Amino acid sequence: MKLFKLCLVVGIVFAISGVAFAGQTFDSVKAKGFVQVGVNEGLFGFGKPDEKGVWRGLDVDTARAIAVAVFGDASKVKFIPLTAVQRFTALQAGEIDVLCRNATQTLGRDTELGLDFAQVNYYDGQGFLVPKKLKIKRAKELDGATICVLPGTTTELNVADYFRTNNMKMKPVVIESNVELNKAFFAGRCDCMTSDASQLASVRAVAPNPDDYMILPDIISKEPLAPAVRHGDNQWKDIVNYSVLAMIEAEDLGITSKNIDEMLKSKNPLIMRFLGVTSGNGKALGLSENWAYNIIKQVGNYAEVFERNVGKNTPLKLERGLNALWKDGGIMYSPPFK
Amino acid sequence: MRNSNNSSSTGNAEQKIPLLNDPKIRSIVYQILTIGMVVLLGYYLFSNTVTNLKRQSIATGFGFFEKEASFEIGESLIPYSAADTYGKALFVGILNTVKVAFIGIVLTVILGTFLGIARLSKNWLVSKLAAVYIEVMQDIPILLQLFFWYSFFYDILPPTREALEPMKGVFMSNRGLAFAIPEAHPAYKYMAISFIVGCIAVYFLRKWAKKRQEKTGQIFPLFLCSIAIILGLPLVTWLFSGAPHRMNVPELVGFNFQGGLNISPEFGALLLGLVLYTAAFVAEIVRAGIQAVSKGQTEAAMAIGLKPGQILNLVILPQALRVIIPPLTSQMLNLTKNSSLAVAIGFPDFVSVASTTINQTGQAIEGITMIMVVYLCFSLLTSFFMNWYNKKMALVER
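Here, residues in each chain are numbered from 1, in the same order as that chain's written sequence. In the order they appear in the text, chains get letters beginning with A and ligands get numbers beginning with 1. At least 70 in pLDDT is required for a residue's local features to be given in this predicted model, at least 80 for side-chain atom pairs to be given and counted, and no such filter applies to totals for whole chains, interfaces and linings, which use all residues.

**Concerning the overall build of chain A**
Selection criterion: In this description a helix means any DSSP run of H or I spanning at least four residues, a strand means any run of E spanning at least two, and both kinds are numbered starting from the N terminus. With C-alpha atoms as the basis for the radius of gyration, the globule rule is written as 2.2 Å multiplied by the number of residues raised to the power 0.38. Once C-beta atoms are placed from the backbone, each residue is buried if 20 or more other C-beta atoms lie within 10 Å of its own, exposed if 12 or fewer, and partly exposed for counts between those two. By the convention adopted here, residues are in contact when the distance between their C-beta atoms, placed from the backbone, does not exceed 7 Å.
Helix and strand content of chain A: 14 helices and 14 strands. Taking 2.2 N^0.38 as the reference for a compact globule, 338 residues should give roughly 20 Å; the C-alpha atoms of chain A span a radius of gyration of 20 Å, in line with that estimate. Across the 338 residues that make up chain A, the buried fraction comes to 53%. Residue pairs in contact within chain A that sit at least 24 positions apart in sequence constitute 73% of those at least 6 positions apart.

Listed below in structure tokens is the structure:
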């Protein structure tokens, strides 16, 4: 039972006597031999096991990149599926080392929840998914609607804010499990579902008939989705942060998993530094010098990861939009790797 | 050899027992040690938690009660909006839990008693049907039953625009059941008051009738009179206050039914699941209680000429209740606690609201403590009431 699991996690908080904090996550991860990552329990394109039981998704690949950075091996990772309600408690309690579960960075979470967010791996915004037969074109027409929403999310708060500011009424149906919530929505329990637009695309993709549903053009919030770690563990946060940034920087430098071995011969000092041909970056982070090389080689650059999981050729059919590189009109931007 | 010496002078020997071997002192020492260990452990856990929370810079305390909740709750017995505080949101959750537990317990006891008696019926079909029901319901986990009933509501029933209307003013759709209810009128307030007055009158009537029977042996037709008073008084009030009969009929406005009384699929599924599941256990308890009264009692009662109804009321039930009440109490507690499974099907009970609160504020320890305290209070109140009732029943010695 979910509640039981939550209680267990709280129990752990009670019981642990100050192990694995402040600068120690990295050491304990190395001692364990794998990274423990909290992921979505079933969100197509972000975190979900495929039919063979292999985890797939943008967040899952981010987690693999972190494992590669630490161990040079993408398989040294253990996925812990978590619901929206469990995720932060699990991280606080030390049950996981890093949370890659489409979590929105907010001021409250960054401070009161005792978390630190790394580089955003997906810029999102909240939207509405409606059945086409309701003939609704804009979010403002949703006055009086019953709305399916996941508990413990920023979306739960945003939608309440949105309806309040527009003087409209709503009735939420709040179910903890993604799967059960989707079932209720497809069966017509709610008039619309609200969540991050990427998540709605993923829900639509698993609908019995995706063409019966449409995402309304209105985006009502900013949702920067980022991996999170415990507050105050700076070295570990740096590693997580730069694992994500490495994928963005690689796209910027034109390095892909296919051409990376040729790139090793490049005389461009930026590329030489990035791939560890010129040493320095690895030592600064406490990792091996070829950590970035390994990430791109084994996981790919950001464009590859995006297209593989959520891009135009996947059922989600998401555009790069805000998630394009800064020079392509998006806001994905990495500081220099030097 | 020493033993034989001691036994010769018993008086002295008692005082000579070394302090460490004195059973009284030993037991006191052990008890103090145990209490000390429990207190130490508690202190250790508490201080450890506080240090850990501080180190992780997680906010602590119950200050969040006063903060704006800014999330909506699907159904509420009191007016609530996202602009209210967390404290009020949690109170809404408590009320929702009380609502489902109270209605659930009443329905469970009625259905369970009915099934338990059916199980003992001499009619083969009735008894076997009850047996099959009890076996099947007891063996399926409650969570699965909840999912089943919930999907029954939203999968089988049509959307609002094609809602079924089995009776005038009753609509069934995948948004739940919508009933017509009488339109608000001051008459209903007076009716409620006269109902309470009726109940008090019946209480005194019973006392008087009992006294009279003990004195004179005459039996007063108590049952019929009680019903006449309890139902008649409100009816008379209704007639005198102008017999209002306007109904508030639900209407499809926009997305949902407005007006009337609406039972949401979440509440319906939760109530149905809990009642049907727990009633199977209550049925077995009732059956066991009735069977615990030996057959000789019934035969003796028949021999002195009591009617079947009197046998049940005066001989069997008073004795069966003593067997039934204690396990019945624990089933009531089970129902209340199982109602926390509401999270799975989206009914906003206390656990559901509390876990949203935990997640928005990040204060899991306060949240879980609160959940534990609230359920502890529910359980203590229920068992307090049932223990009182049990004592009352047990005192009626014959």
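**Quick notes on the environment of leucine 134 of chain A**
Looking at where leucine 134 of chain A falls in the secondary structure, it is placed in the loop between β8 (126–131) and β9 (145–149). Expressed as a C-alpha distance, the spacing of leucine 134 of chain A and cysteine 192 of chain A, which sit 58 residues apart in the sequence, is 9.5 Å.

**What to know about the interface of chain A and chain B**
For the record, the criterion: Any residue that is not Ala, Val, Leu, Ile, Met, Phe, Trp, Tyr, Cys, Pro, Asp, Glu, Lys or Arg is counted as polar, Gly included; the first ten are nonpolar and the last four charged.
Taken together, the contacts link 46 residues of chain A with 42 residues of chain B. Elements with a contribution of two residues or more to the side of chain A that touches chain B: α1 (2–15), α4 (87–92), β9, α6 (154–165), β10 (170–174) and α7 (178–186) of chain A. Per-element tally for the side of chain A that touches chain B: the top contributor is α1 of chain A, with seven residues. Residue classes in the side of chain A that touches chain B are distributed as 23 nonpolar, 11 polar and 12 charged.

**Comments concerning the sheet that holds strand β1 (residues 164–167) of chain B**
All names here are of chain B. Note the following rule: Only strands joined by at least two bridges in the DSSP assignment are considered to pair. Axis geometry follows a simple rule: fit a line to the C-alpha atoms, using only the stretch in contact for helices, then measure angles between N-to-C directions, giving values from 0 to 180 degrees.
Spatial ordering of the open sheet is given by β1-β2-β3-β8, a layout of four strands whose pairing is antiparallel. One side of each edge strand has no neighbouring strand; the edge strands of this open sheet are β1 and β8 (261–263). Strand after strand, the sheet turns through a mean of 20 degrees between neighbouring axes, direction not considered. Bridge analysis of strand β2 (residues 170–173) against strand β3 (residues 176–179) gives three bridges, and the strand direction is antiparallel. If you follow methionine 172 over to β3, its bridge partner there is leucine 177.

**Some words on the domain arrangement of chain B**
Worth spelling out the cut-off: Domain start and end points were adopted from an automatic or database domain assignment.
Each assigned domain of chain B is listed with its residue range as follows: domain 1 (2–55), domain 2 (87–179 + 260–395) and domain 3 (184–245). Centre-to-centre separation of domain 1 of chain B and domain 2 of chain B, based on C-alpha positions: 46 Å.

**Some thoughts on the packing of helix α9 (residues 265–291) of chain B against helix α11 (residues 308–338) of chain B**
Residue and element names in this part refer to chain B. What counts, and what does not: An angle counts as roughly parallel when it lies under 35 degrees, as roughly antiparallel when it exceeds 145, as roughly perpendicular when it falls between 65 and 115, and as oblique in every other case. Crossing chirality is assigned from the near helix's rotation relative to the far helix, an anticlockwise turn below a right angle marking it left-handed and a clockwise turn marking it right-handed.
Between α9 and α11, the least distance of the axes is 8 Å, while the angle of their chain directions is 160 degrees. Comparing their axes, α11 and α9 come out roughly antiparallel. In this structure, α9 meets α11 at a crossing whose hand is right-handed. Residues Leu274, Thr278, Phe281, Val282, Ile285, Val286, Ala288, Gly289 and Ile290 of α9 pack against Ile316, Ala320, Leu321, Val323, Ile324, Pro327, Leu328, Gln331, Asn334, Leu335 and Asn338 of α11.

**Some remarks on the domain arrangement of chain A**
Residue and element names in this part refer to chain A. The domain architecture assigned to chain A consists of domain 1 (2–123 + 225–328) and domain 2 (126–221). The straight-line distance from the C-alpha centre of domain 1 to that of domain 2 is 28 Å. Facing 19 residues of domain 1, the contacting portion of domain 2 comprises 16 residues. Class assignment of the residues belonging to the side of domain 1 that touches domain 2 gives a composition of 10 nonpolar, six polar and three charged.

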